[in-house]
Amino acid sequence: MGQEDDMMMSMAMRKGPWTEQEDVQLVSFVNMFGDRRWDFIAKVSGLKRSGKSCRLRWVNYLHPGLKRGKMTPQEERRILELHSKWGNRWSRIAAKLPGRTDNEIKNYWRTHMRKRHKNRKEPYLHLHRSQIHLLTHQYILAIILSIQCK
DNA sequence: AACCATCTCAACCGCGATATT
DNA sequence: AAATATCGCGGTTGAGATGGT
């Protein structure tokens, strides 16, 4: 039954950016039913979105207590520190940064990798992301400092 | 002004993990 | 026990923003 259902559903599903109206609707249904039963909320709210999409919108944007705006220097340092320790364990890192999401931190990290790649052409820059955790904490901090002093 | 390159970030996808029936 | 449904993670994409010539 799973396959046919997926096909039936995906035909009618909306994709792309959320509208304000959709946000309002999602928030009210999450307030009623909690932030766990996403497929149920998707169906019962009348939103033409998958449960997955609803969850993502909530955790990354609508969830109260989300910090907005640029990372503070403290947060930047924490990300580097934890990434050097754990690698691309974004949700684990996010758990240590109140108000920040895994998606946000992942984006932040990528942006910095790009900068580094553009500004210099050192061999380590060509490592696959999965290998980055091999770098030491101190090494990464030194690189970031050099960018900030540029 | 008009174009192309590069960046950013919200949202998507696949898939393994976890929950439910 | 096992099949099916749902969730959550990490990698990736692409439209719009921004920057450079």
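A quick note: this is a predicted structure, and the numbers were derived from the prediction, not measured.

Quick look at the overall build of chain A now. Check the secondary structure of chain A and you find eight helices and zero strands. In chain A, the succession of α and β elements from N to C terminus is α-α-α-α-α-α-α-α. In chain A, the proportion of contacts linking residues at least 24 apart, taken out of those at least 6 apart, comes to 53%. With the model as given, the accessible surface of chain A reaches about 10400 Å², and the carbon-plus-sulfur share is 55%.

This part is about the packing of helix α2 (residues 20-33) against helix α4 (residues 51-62). With their axes 11 Å apart at the nearest point, α2 and α4 run at an angle of 95° to one another. As summarised for this structure, α2 and α4 are arranged roughly perpendicular, according to the angle between their axes. Counting all contacts with α2, which are made through Asp23, Leu26, Val27 and Val30, the residues of α4 involved are Cys54, Arg57, Trp58, Tyr61 and Leu62.

The next subject is the nonpolar core. Met71, Ile79, Leu80, Leu82, Trp90, Ile93, Ala94, Leu97, Ile105, Tyr108, Trp109 and Met113 form the largest nonpolar core, which has 12 residues in total. Of all the elements in the fold, those that place two or more residues in this core are α5 (73-86), α6 (90-95) and α7 (102-119). Of the residues forming this core, the biggest block, four residues, is contributed by α7. Core analysis: the second largest hydrophobic core is formed by 11 residues, Trp18, Leu26, Leu47 and Leu62 among them.

Our focus in this paragraph is the pattern of salt bridges. Taken as a whole and assessed by the stated rule, the structure comprises eight salt bridges. With a closest N to O distance of 3.6 Å, Asp35 and Arg36 form a salt bridge. What makes Asp35 partly exposed here is its relative accessible area of 30%. You can call Arg36 exposed: its relative accessible area is 68%. Three or more residues are tied together by salt bridges with common partners; here these are Lys67, Glu75, Arg100 and Glu104.

Next up on the list: a nonpolar patch on the surface. On the surface, Met32, Phe33, Phe40 and Val44 cluster together to form a nonpolar patch covering roughly 330 Å² of accessible area. Where the nonpolar patch is concerned, the elements lending two or more residues are α2 and α3 (38-45).

What follows is about the packing of aromatic side chains. Under the definition given, this model contains two aromatic pairs. Each ring, one from Phe29 and one from Phe33, has its centre 6.3 Å from the other, and the planes form 25°; the classification is stacked. Separated by four residues within a single helix, Phe29 and Phe33 lie in helix α2, roughly one turn from each other. Judged by relative accessible area, which is 31%, Phe33 ranks as partly exposed.

Bringing the side chain of His112 into the picture now. Along the polypeptide, His112 turns up in helix α7. At 3.1 Å, the side chain of His112 and the side chain of Tyr108 are in polar contact.

Moving on, we get to the UniProt feature "domain: Myb-like" (unreviewed entry) in chain A. Within this structure's numbering, the places UniProt gives as "domain: Myb-like" (unreviewed entry) are residues 10-62 and 63-113. For residues 63-113, the end-to-end C-alpha separation is 28 Å, with 63% helix and 0% strand making up the annotated structure.

Moving on, we come to the packing of α3 against α4. In the contact formed by α3 and α4, the axes pass within 7 Å of each other and the chain directions differ by 100°. Compared by their axis directions, α3 and α4 come out roughly perpendicular. Counted together, Trp38, Asp39 and Ala42 of α3 and Gly51, Lys52, Cys54, Arg55 and Trp58 of α4 form the full contact between these two elements. When grouped by side-chain class, the residues that make up the contact of α3 with α4 number four nonpolar, one polar and three charged.

So, how was this worked out
Residues numbered from 1 in each chain as written. Chains lettered and ligands numbered in written order. Predicted model: local features only at pLDDT ≥ 70, side-chain atom pairs only at ≥ 80, totals over all residues. Heavy atoms only, no water. Helix = DSSP H or I, 4+ residues; strand = E, 2+ residues; numbered from the N terminus. Contact = heavy atoms within 4.5 Å. Areas by Shrake-Rupley, 256 points an atom, 1.4 Å probe, with all protein chains shown as cover. Axes fitted to C-alpha atoms, helices over the stretch in contact; angles between N-to-C directions. Parallel < 35°, antiparallel > 145°, perpendicular 65-115°, else oblique. Core = buried A, V, L, I, M, F, W, Y, C linked by side-chain atoms within 4.5 Å. Buried < 20%, exposed > 50% of the residue type's maximum accessible area, 1.4 Å probe, protein only. Salt bridge = Lys/Arg side-chain N within 4 Å of Asp/Glu carboxyl O. Patch = residues over 30% accessible without salt bridge, like charges linked within 9 Å, V, L, I, M, F, W, Y side chains within 5 Å. Phe/Tyr/Trp six-rings, centres within 6.5 Å; stacked < 30°, edge-to-face > 60°. Polar contact = N/O pair within 3.5 Å; in protein donor to acceptor, adjacent residues only side chain to side chain. UniProt positions renumbered as here; feature names shortened; annotations may be inferred. Nonpolar A, V, L, I, M, F, W, Y, C, P; charged D, E, K, R; others polar.

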